[in-house]
Structure formats: structure tokens, C-alpha cells
Amino acid sequence: MTARLSRQHIAASLGLAGATLGVLAGLIQATAGSRIPDWTGHKGSPVALGLLTVLLSLAALAAALTLRNRAPLRPSQRVLVAVGLLVPAGLCFSTVGRLWYVPGILLLSSLGLTVAAGGTSELWPVIRRNWIRGLVTLLGAFEILMAVSAGPLVTIAVGVIGGAVLVVTPWLADRAKPATILAALLIGTLPFAALTYWSVASPVLAVVALTLAFPAIRRAHKRDPAQNA
Amino acid sequence: MNDNRTSPDASESPETAEAQAVMPDGAAAAVSRRSVLKGIGVGAATVVVAGTGVLSYRVFDNGVLDAGSGKPYDAWSHWRDDPGPLGTVAAAILAANPHNSQPWFFHVTASGVEVFADPPRRTGTLDSLGREQHIGLGCAIENLALAAAARGYQPAITLLPQPANPAYVASVALTRGPVNVSALYDAIGSRHSNRGPYTTAAVPSTAINSLGAQVAELDGVAVRWFTTEAGRAAVGALMIEAAEAITADGQQSRDAFAWFRNNRDDINTHMDGLTLDGQGLAPLTLSLAKILPAESRAAGDKFWVDQTRTVHTKTAAAYGVITVADTSDPVLRLTGGRLLERIHLAATVAGLGLQHMNQITERIDRERALGKPATFAPAFDALIAQPGQLPLAAFRIGYPVRSARLSPRRPLKDVIR
């Protein structure tokens, strides 16, 4: 086994441990968060935040499982896995309080080893190529973060669904018709912004997401119009 | 030029060779410019997304999208649940009280409820002589009595049942009686201090009289109303002056700031105090206030004085002042508190907004506690102009522009000992 693959597998083990503990932390927040507020961060919506933590930890788990591959991952796969570890590791420090300290550190360690499990220079072209799409995806994650702290239930649902649509849409841009992508972007941003217009942040997020996404999608279609026929 | 570059013969021509030598550099320069511009664009986009992330996090962390829900606000939706004596306490803790300090605890038995003052929950130099704490306890006793009647109990209230124990402020014996679900009881869950603007609509005299009628069966307390433009202007001016004096008094300013909960974490931790949600701000302004960094004490003081000047006094349709013969008498303070709560509940039933405005009486007691020459006491007495009657607590009323929001409350388990 090469040193590169060895680092990748250690990263997998750390990631699996972190993600499993993360799922556990989310379940504790959702079921007992209000009874142990000093540990869970005195959150106002422990159930919603617990469930979000579980979902994000499952995403991290999927990323960690990918690292168990018998062959070294390709640069694009490593970037994807790194993002899958980074987003849960970062966001969940604000969802379950102290319960995230151990899972968060494990996931960040896994992230570090994932990046180190190969040349970092080979990651840059992948990152550069997908940077704007990544930013739009990040905005989708922000929308989900706002939504889980919202109320009533319909607002939460609209925000979570809209955010999820915003997360995936940029990556489907060169596989679907422009009208479909446009519709997805509008669905991902406008309903939540309209429902929570007074929050300032959600309308700003909608404007930023649409401003970034439209040119990126136009470019994707110009690159390969045949694919979109 | 492009044609030359692609022509198979072009390489033979010296001009073309020169052109070839130039073109790659020009193209490189163009690419470089494009790269730089693209880099700037991507960098700017990244910064904007990062900024949006900060905004989103503040929205998430400060509960901008879900104000008034969660554990600190549960008491407002569960106060009718328990049909027994515990339920009367659930209603009592929703009462008006100074700076939402909730200065009480309760002892529940099978035959009644004992009400105690919680001395550490005094508001310091804002309540130098303990007047406001007694008023708040009186408000809680009134809610407790209304809730008892609604649960088929006949409440027998004894104020200060053990004079040697001043913290034991009331004993409420509960015996079985007729069920009386009054309009005031029904309003307990909707009663909130409304610190927002009121409309220009005048409050009809019939409504004022109806509020004043709440004094029935309460001995030793009265209400003085200020409904004329001149009367309101005089009271308003004194309110502004008192607010400025409190902010100029370092200790009073610090004591007020100590009860302000600037973010959702503080609200979740303490479940008491004043909040941004309770300031009667317009939705957009409220969101911005929550998203921006917390205000300093000085900025908060300035905000309060400005609000007092431009909103609270400017839009007050009328002022009411509870008066008693002796403001240092705990029984009169408690009874005054009961009247204040009744008036607030009756105002809620009538669709009126009400805001408690304590600054003048807080300065009166502060000056007295420090042994300073009295300035606010004679000024307020002169406005009240009722010999033998002293101001205990003041408030403004009017038709509110927007609904008041919930204030956080500690759960029952934290106030029952």
C-alpha cells in the first residue's frame, strides 16, 4: 500500500468515526437537547438542529466511505470528499454546541489527511473550474441553515427544499435544459426569500445566488450545447 | 491578420513572421488581462458569498426567523393546560413585571399558593426602594387570582401574611367555588407591553372609564389619567427628562443594561430580561438590529432615549398613573400592582396597546435613596395635582400600529420551590 493510499484510509477511519459520533450528537440534540442545554448550546430549536446535524453527518459519512476506496481517489473525487467533510465539520459547530467538539475535530483531521493524500497542486484546477458552482452550492447550504432556525413548519420546509435545490442545481447545469435549470434556481431562491423578506438575509442570498448562477449556467451551455440538445 | 496566420504560405513572409512573433504576445496579454479581470470577479463573488454567509449565520444564530418560539416562550402557550393550583402559577408568571426580571417564586400546596419575592431578582438602582418588585408581584397575584377563578377556585388573598418575613408577599388560599372564566383571564396570554408606535386615534372616554373601573374592590389605589394634549405633553416631557437622567446615571444605566438580552443565546440561557423583539420595532429594522453586532450600553441608552422622545411619548394617546397614599407601603404597592395588571388586561381586551413607563418613579426613588434633593417627585406630584395621592406606576396607552411580541419566561419548574 502506498503512503498516499495509507493516508487516504486513515482519513477514512477518522471520517467514519467523526461522522458516526456526529449522527449520535444530532440524535442527542433532537431528543434531549433541551434537557442538557449547557452541552447542546442552549438552542431554541433543538429538534430541527439535531435533524440537520444528522443529515450533515450522513453526508460526511458518505464522503468518508468514499475514502475507503482501494485505489487513490482522483483529484475531482478528493475535492468532492473534502467539501463533504468540510461543510458538516464547519456548520455543526453551531448546531449542537459542545457535542460537536470531538466529531468536528475528527472530521477536520480527516479533511486534512484527504487533502494531503496526494498532490495539492492537482486539486487547484478542479477547484478553479468549479469555484462559482461551489459558491452557489454554499449559498444553498446557507439557505438550509437559515431555514432550520425558522418557523412555522411551512417556512422550514420551503427553505430546506429550496436550499437543497440550490445545492444541486449548479452541478446539473450542463445536463439539463436551460429552462429547467432556470426554473430550479428560481424555485430554490424566490419562495424562501418571499416568505422571509423581512429577514434581509434571504433576499440578499437570492439575489447573490441568481447573479452568480446565471452566468455560470450560460457558460456551461456555451461549452457544450450538444449535450443540452 | 488571422487569415495570414492560418495561411500555409504566410510563414514565408517576413511581415507575417513578425506578425506571428507579435500575436502570441498580444494574445498572452489579452489572456492575462482576462485572467486578471476574471480573478477579480471571482474574488469579489467569493467575498460577497462570504458576506452572505455571515448574514445567514446571524439570522440562524439570533433566531431572526423564529422569534417568540422555543423553550423561553413555551409558557405563553401552556398556561391553560393545568387545571389545578399549578395552573394558577402558570398564569401568574405571565404577569407584567419590571424589566422582565420575574422577581418571584411560588410554593404550591393542595390548599393554595404562596407567593414570594426573589430578592436577587431586584433590578438594583433602577428599583432602589423595592417599589417595582412589589408592583410586579402584585401583577402576578392578580393573574393568579383570575386563573384560580377560571379553574373553579375561590381565591382568598392575604397580602404580607407574616410581617416578619417581607419576602413572603402573599398567601392565596384556594377553596372550591364557581367557575368564572373572565375576559381578563382570557387576555392573560395576549397581554404584552407594546413599546411600538401607536396610531393617532384618540382613546374614547368610554374606554378610559372602562379601564378606570378596574379599580373596583381594590382598596387604597386609584388611577389618574392624562388625556388632554397639554397633560400628555407635560407628562411626556418629564418622561424624556427622566430617561435622560437614568442614562446619565452610570449605575442605573449599568443596572438596566444587565437586564437586556442582546442575542438568542442569552435569551435561551436566562429566559428573562428585555429583548430586541420587545422593543416594538418594524420587522425590517428588527431584523437588522438582530443581524448587526450587539449594541454597547451607551448606544442602547441613546436608542432608548430616542425611542422615548420620538415614539413612546410622541404617539401616546393617553397616560395613566396608579396613585396611592404611601408609595413605601408594601400592601399598597402590591394592590397597585394588581390594579395595573387588571388595567393592562382590560386594555388588551379593548384592543389597546399599553407600555409601562417607569423612568420617572425610578428617578424619584433613586434620588430618595441617594439623599439627593428631590427633583422628579415634586414635578410629578404637581402634574398629578391630587393632594394625598402619590404616583406609584405610570403607563401609556393607545391603538398600536403593530402587535407586541412575546417576552421570554422562565418555566414553571424554575419558579416553584
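Residues numbered from 1 in each chain as written. Chains lettered and ligands numbered in written order. Predicted model: local features only at pLDDT ≥ 70, side-chain atom pairs only at ≥ 80, totals over all residues. Heavy atoms only, no water.

Observations regarding the overall build of chain A
Here is step 1 of the chain: In terms of helices and strands, chain A carries nine helices and zero strands.
Here is step 2 of the chain: Within chain A, buried positions represent 49% of all 229 residues.
Here is step 3 of the chain: Taking as baseline every contact in chain A between residues at least 6 positions apart, the subset at least 24 positions apart corresponds to 72%.
Here is step 4 of the chain: As displayed, chain A has an accessible area near 10600 Å², and 72% of this comes from carbon and sulfur atoms. (Helix = DSSP H or I, 4+ residues; strand = E, 2+ residues; numbered from the N terminus. Buried < 20%, exposed > 50% of the residue type's maximum accessible area, 1.4 Å probe, protein only. Contact = heavy atoms within 4.5 Å. Areas by Shrake-Rupley, 256 points an atom, 1.4 Å probe, with all protein chains shown as cover.)

Details of the overall build of chain B
Here is step 1 of the chain: Along the backbone of chain B there are 16 helices and ten strands.
Here is step 2 of the chain: Relative to a compact globule of 417 residues, whose C-alpha radius of gyration would be 22 Å, chain B shows 30 Å and is clearly more extended.
Here is step 3 of the chain: In terms of overall dimensions, chain B has C-alpha extents of about 115 × 50 × 40 Å along its principal axes.
Here is step 4 of the chain: Within chain B, the fraction of its 417 residues that count as buried is 51%.
Here is step 5 of the chain: Sequence-distant contacts in chain B: of pairs separated by 6 or more residues, those separated by 24 or more amount to 77%. (Rg over C-alpha atoms; globule rule 2.2 N^0.38 Å.)

Some points on the sheet that holds strand β10 (residues 390-398) of chain B
Residues and elements named next belong to chain B.
Here is step 1 of the chain: One open sheet accounts for four strands, arranged β5-β8-β10-β9; its pairing is antiparallel. At either end of the open sheet lies a strand with only one pairing partner, and these are β5 (221-226) and β9 (353-356). In this sheet, adjacent strand axes meet at a mean angle of 30° when their direction is disregarded.
Here is step 2 of the chain: In this structure, β5 lies alongside strand β8 (residues 318-324), joined through six bridges in antiparallel fashion. Looking at β8, one finds that V223 is bridged to I322.
Here is step 3 of the chain: Across the sheet, helix α7 (residues 205-212) touches β5, β8 and β10, and the angle it forms with β5 is around 160°.
Here is step 4 of the chain: Across the face of the sheet, helix α13 (residues 330-349) comes into contact with β5, β8, β9 and β10 while running at roughly 50° to β5. (Pairing = 2+ DSSP bridges. Axes fitted to C-alpha atoms, helices over the stretch in contact; angles between N-to-C directions.)

Focus: the confidence of the model for chain A
Here is step 1 of the chain: Residues with a pLDDT of 70 or more make up 95% of chain A, whose mean pLDDT is 90.
Here is step 2 of the chain: Per-element confidence in chain A is highest for helix α5 (residues 101-116) of chain A, whose mean pLDDT is 95, and lowest for helix α9 (residues 201-223) of chain A, whose mean pLDDT is 85. (pLDDT = per-residue confidence, 0-100.)

Overview of the packing of helix α8 (residues 229-248) of chain B against helix α12 (residues 297-312) of chain B
All names here are of chain B.
Here is step 1 of the chain: Following both chains from N to C, one finds α8 and α12 inclined at 175°, their axes separated by 9 Å at the closest point. By the angle class used here, α8 and α12 are roughly antiparallel. Residue-level inspection shows M239, I240, A243, E244, I246 and T247 of α8 in contact with α12, the latter providing D301, W304, V305, T308 and R309.
Here is step 2 of the chain: Here the residues of the contact of α8 with α12 sort into six nonpolar, two polar and three charged. (Parallel < 35°, antiparallel > 145°, perpendicular 65-115°, else oblique. Nonpolar A, V, L, I, M, F, W, Y, C, P; charged D, E, K, R; others polar.)

Description of the nonpolar core
Residues and elements named next belong to chain B.
Here is step 1 of the chain: Grouped together as the largest cluster of nonpolar side chains are 65 residues, with contacts concentrated most on F106, I343, F395 and I397.
Here is step 2 of the chain: Take this core: its biggest share by element is ten residues, from helix α5 (residues 131-150).
Here is step 3 of the chain: Filtering out sequence-adjacent residues up to four positions away, I397 remains in contact with Y198, V203, I208, L211, W225, A316, A317, A318, G353 and L354. (Core = buried A, V, L, I, M, F, W, Y, C linked by side-chain atoms within 4.5 Å.)

Notes on the packing of aromatic side chains
Here is step 1 of the chain: A complete count under the given rule lists six aromatic pairs over all chains for this structure.
Here is step 2 of the chain: With centroids separated by 5.8 Å and ring planes inclined at 50°, the aromatic side chains of Y57 of chain B and F60 of chain B adopt a geometry described as tilted. A residue pair is termed a helical-turn pair when its members lie 3 or 4 positions apart in one helix, as Y57 of chain B and F60 of chain B do in helix α2 (residues 14-61) at three residues.
Here is step 3 of the chain: Centroid distance W225 of chain B to F395 of chain B: 5.6 Å. Interplanar angle 85°. Geometry classified as edge-to-face. With a gap of 170 residues between them, W225 of chain B in strand β5 and F395 of chain B in strand β10 connect regions that are remote in the sequence.
Here is step 4 of the chain: A network of ring pairs unites the aromatic residues F105, F116 and Y168 of chain B as a single cluster.
Here is step 5 of the chain: Just above the ring of W39 of chain A sits the side chain of R98 of chain A; from NZ or CZ to the centre is 5.6 Å.
Here is step 6 of the chain: Over the ring of Y153 of chain B we find R176 of chain B; its NZ or CZ atom is 4.3 Å from the centre of that ring. (Phe/Tyr/Trp six-rings, centres within 6.5 Å; stacked < 30°, edge-to-face > 60°. Lys NZ or Arg CZ within 6 Å of the ring centre and 35° of its normal.)

Observations concerning the packing of helix α6 (residues 123-148) of chain A against helix α7 (residues 153-172) of chain A
All names here are of chain A.
Here is step 1 of the chain: Following both chains from N to C, one finds α6 and α7 inclined at 170°, their axes separated by 8 Å at the closest point. With respect to α7, the axis of α6 lies roughly antiparallel. Contacts from N130, R133, G134, V136, T137, L139, G140, A141, E143, I144, A147 and V148 in α6 reach I156, V158, G159, V160, G162, G163, A164, L166, V167, P170 and W171 in α7.
Here is step 2 of the chain: Of the residues belonging to the contact of α6 with α7, the class tally is 14 nonpolar, seven polar and two charged.

Topic: the sheet that holds strand β2 (residues 112-117) of chain B
All names here are of chain B.
Here is step 1 of the chain: The four strands lie next to each other as β1-β2-β4-β3, forming an open sheet whose pairing is antiparallel. Only two strands of the sheet have a single neighbouring strand rather than two, namely β1 (104-109) and β3 (153-159). When the angles between neighbouring strand axes are averaged without regard to direction, this sheet yields 20°.

Notes on the confidence of the model for chain B
In regions of low pLDDT, the predicted coordinates are not meant to be interpreted in detail.
All names here are of chain B.
Here is step 1 of the chain: Residues of chain B with pLDDT of at least 70 account for 93%, and the chain-wide mean is 92.
Here is step 2 of the chain: In the predicted structure, residues 1-23 sits below a pLDDT of 50 and forms eight contacts with residues beyond four places in sequence or in another chain.
Here is step 3 of the chain: On the interface metric, ipTM, the complex scores 0.83, and its pTM is 0.83.

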